[in-house]
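Residue-level structural notes
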Amino acid sequence: MVVTEAHKQSGTAPRRVTILGSTGSIGCNTVDLIERAPGKYVIEALTANNNVEELTRQALKLKPRIAVVADPASYGDLKRALAGSGIEAAAGPEAVADAAARPAEWVMASIVGTAGLVPTLKAIERGAIVGLANKECLVSAGDLLMAEIKRCGATLIPVDSEHSAIFQIFDFDDPGKIRRIILTASGGPFRQMTSRQMAAVTPEQAVDHPNWDMGAKISIDSATMMNKGLELIEAHHLFGLGGPQIDILVHPQSVVHSMVEYVDGSVLAQLGAPDMRTPISYALGWPKRLETPAARLELEKIGSLTFEAPDPDRFPALRLARECMMQGGAAPTVLNAANEIAVEGFLCGKIGFLDIVRIVEETLGKITGTAIHTLQDVLCVDLEARKIAGDFLE
Ligand SMILES: NC(=O)c1ccc[n+]([C@@H]2O[C@H](COP(=O)([O-])OP(=O)(O)OC[C@H]3O[C@@H](n4cnc5c(N)ncnc54)[C@H](OP(=O)(O)O)[C@@H]3O)[C@@H](O)[C@H]2O)c1
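Right, let's walk through the structure included here. Residue numbers restart at each chain and count upward from 1, following the sequence in its written direction. Given that the model is predicted, a residue must reach a pLDDT of at least 70 before its local features are reported, and side-chain atom pairs must reach 80 or more before they are shown or counted; all residues, however, enter totals for whole chains, interfaces and linings. Only hydrogens and water are set aside; all other atoms, that is, all heavy atoms of the structure, feed into the side-chain values.

**Side note on a nonpolar patch on the surface**
The line we're drawing: The patch calculation keeps residues exceeding 30% relative accessible area without a salt bridge and links them within 9 Å when they carry like charges or within 5 Å when they are nonpolar (Val, Leu, Ile, Met, Phe, Trp, Tyr). Accessible surface is estimated by sampling points in the Shrake-Rupley manner with a 1.4 Å probe; for residues, cover comes only from the protein chains shown. For this analysis, a salt bridge means a side-chain nitrogen from Lys or Arg found within 4 Å of a carboxyl oxygen belonging to Asp or Glu. Strands are runs of DSSP state E lasting at least two residues, helices are runs of H or I lasting at least four, and both sets are numbered from the N terminus onward.
A surface patch of nonpolar side chains, about 280 Å² in accessible area, is lined by Leu271, Leu297, Leu299 and Ile302. As for its placement among the helices and strands, isoleucine 302 is situated in helix α14 (residues 299-302).

**Quick notes on the pairing of strand β2 (residues 41-48)**
The criterion, for reference: Partly exposed describes any residue whose relative accessible area lies between the buried limit of under 20% and the exposed limit of over 50%, with all areas from a 1.4 Å probe on protein chains only and scaled to the type maximum. If DSSP finds at least two bridges between two strands, the strands pair. A clockwise course of the path from the first strand over the helix to the second, judged with the strands pointing away from the viewer, identifies a crossover as right-handed.
In terms of burial, β2 is a largely internal element, seven of the eight residues being buried. Of the pairings in the sheet, the one linking β2 to strand β3 (residues 66-69) comprises four bridges and is parallel in character. Directly across from alanine 48, in β3, lies its bridge partner valine 69. Handedness of the β-α-β unit built from β2, helix α3 (residues 52-62) and β3 comes out right-handed.

**Focus: the pattern of salt bridges**
Pairs can form between side chains of opposite charge whenever their charged atoms are close. Evaluated as defined, the whole model comprises 32 salt bridges. Across the salt bridge formed by glutamate 148 and arginine 151, the nearest N and O atoms sit 2.8 Å from each other. With glutamate 148 and arginine 151 both in helix α7 (residues 135-152), this residue pair falls three residues apart, about one helical turn. Residue class for arginine 151 comes out exposed when judged on its relative accessible area of 61%. Between arginine 277 and aspartate 275 there is a salt bridge, with its nearest N and O atoms 2.9 Å apart. Comparing arginine 277 with aspartate 275 shows no difference in burial state: the two are buried. Overlapping salt bridges, with partners in common, bring together Lys135, Asp160, Glu162, Lys228 and Glu231 in one network.

**Quick look at the nonpolar core**
Note the cut-off: Within this scheme, the nonpolar core is defined by two criteria: the residues are buried Ala, Val, Leu, Ile, Met, Phe, Trp, Tyr or Cys, and they are joined through side-chain atoms within 4.5 Å. Residue contacts are defined here by distance: any two heavy atoms, one from each residue, within 4.5 Å place the two residues in contact.
Residues Ile181, Phe239, Leu335 and Phe353 are the most contacted members of the largest nonpolar core, which totals 124 residues. It is helix α16 (residues 331-347) that provides the largest number of residues to this core, a total of nine residues. Ignoring sequence-local partners within four residues, the contact set of isoleucine 181 consists of Ile166, Phe170, Ala235, Phe239, Leu241, Gln245, Ile246, Asp247, Met259 and Val260.

**A look at helix α11 (residues 216-224)**
Note on helix geometry: an α-helix contains 3.6 residues per turn, so any two residues three or four positions apart are oriented the same way. The buried fraction of α11 is high, at seven of nine residues. Those residues of α11 that sit buried are Lys217, Ser219, Ile220, Asp221, Ser222, Ala223 and Thr224. Buried residues belonging to α11 abut α7, α10 (203-207), α12 (226-239), α15 (317-327), α16 and α17 (353-366).

**Describing the packing of aromatic side chains**
For clarity, the threshold we go by: Between rings of Phe, Tyr and Trp, where Trp is taken as its six-membered ring, a pair exists when centres lie within 6.5 Å; planes separated by under 30 degrees are stacked, by over 60 edge-to-face, and by other angles tilted.
One pass over the full model with this rule turns up seven aromatic pairs. With centroids separated by 4.8 Å and ring planes inclined at 45°, the aromatic side chains of phenylalanine 170 and phenylalanine 172 adopt a geometry described as tilted. An aromatic cluster is built from Phe167, Phe170, Phe172, Phe239 and Tyr282, whose rings are joined through pairwise contacts.

**Examining the site of the ligand**
Selection criterion: We define proximity as follows: a residue is near a molecule or strand when any one of its heavy atoms falls within 4 Å of that partner. Counted as a polar contact is a pair of N or O atoms within 3.5 Å, where, for protein atoms, one must be capable of donating a hydrogen and the other of accepting one, and residues adjacent in sequence contribute only when both atoms are in side chains. As a working rule, the residues Ala, Val, Leu, Ile, Met, Phe, Trp, Tyr, Cys and Pro are called nonpolar, Asp, Glu, Lys and Arg charged, and the rest polar, with Gly in that last group.
Not every one of the 24 residues close to the ligand is listed here, only the nearest: Thr23, Asn50, Asn51, Glu136 and Gly215. In this structure, an oxygen atom belonging to the ligand sits 3.3 Å away from a main-chain N or O atom of glycine 21. Threonine 23 places a side-chain nitrogen or oxygen 2.6 Å from an oxygen atom of the ligand. With the chains in place, 85% of the 910 Å² that the ligand exposes on its own is no longer accessible. Going through the elements one at a time, α2 (25-35) and α7 are the ones with two or more residues in the shell around the ligand. Taken together, the residues that form the shell around the ligand break down as ten nonpolar, eleven polar and three charged.

Shown next as structure tokens:
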């Protein structure tokens, strides 16, 4: 994790902000925080895939210099909707990357999936402070991304609630005194189901998360627990820890967001109500804390907090992700790409719930030993894994 002195001293309002993926769950929560703080932020760019209606609403309210849709077919609608507003409209994946390259001090990386990789790198290349929600880009290209952050003097502030928790309690001045970190997991909607029951679940059941209201892809990842597997790899890159130093503990109440155990036996935890506006605000205001409308934690009402070890047999995604992390190279890139394709396949009814992780494992078996040195290497492996996983869907 690289925090530059220049960034430590910044933080005077108004902060110039770009939100990549502003129409998603994380994006809308970020917009919500910004709308509640008039005059504190100036918006450079907002981007979406094709949700023109929400993007237009946000743009007319926040007045960015530019609003961008990744889907070229949505350009006409966006241009018409913004006509006369003075807000520039643009479309296409390159336009999203160009938006990230524009001069905003702070960028929220909240596009879902590997589609967010190139735009996030563009923000990093010009030394921005990046609030990172898009865990897939760190899983797919972690070594590359972390090297770019160092080279360009950028700062990455994690937005995932678990990594935000660790970031807040991790002793960056003396990491050698950390014995391990413990990522907590809600266990998802199927925590208590047998594998036989899981084989029959529908996409509607799988996106219905007990504690968090999130986009469809991360909700499915939570149900398979691949989300925790991706977070394991994310934590490995963010905090520079090896596999044995990262543990996972199921905590169904989602109150303890994660923990750090020090060599003297002390365990520090960060707690809060399950509301993504808290970790988003931590990244948005960093290095200062902001007021948020998030619910306050009332432990007397919750009563008890429980913890259990994850079940590796019912949730094999955890084992797969750990193996990929240890293996390094192309393995995490393949894991991530195959998972994106398999989740899409499940959401559109092509495969069953248990097929998701099976397809990821089979795809991993087909691509071995590829080294990753450049962005081009990542994109090639990503494409190949998508093709193979796509064939398995059929
Ligand atoms: N939601 C959470 O609570 C949460 C918590 C921790 C981490 N995260 C991570 O944050 C990221 C976003 O999650 P989310 O739940 O906010 O997802 P989401 O609700 O599905 O939103 C995704 C955003 O990305 C845009 N997008 C989709 N495909 C794109 C493409 N090909 N090119 C450019 N933009 C594209 C979407 O635009 P449209 O609206 O136009 O489709 C939308 O703005 C994920 O990596 C997730 O793992 C989310």
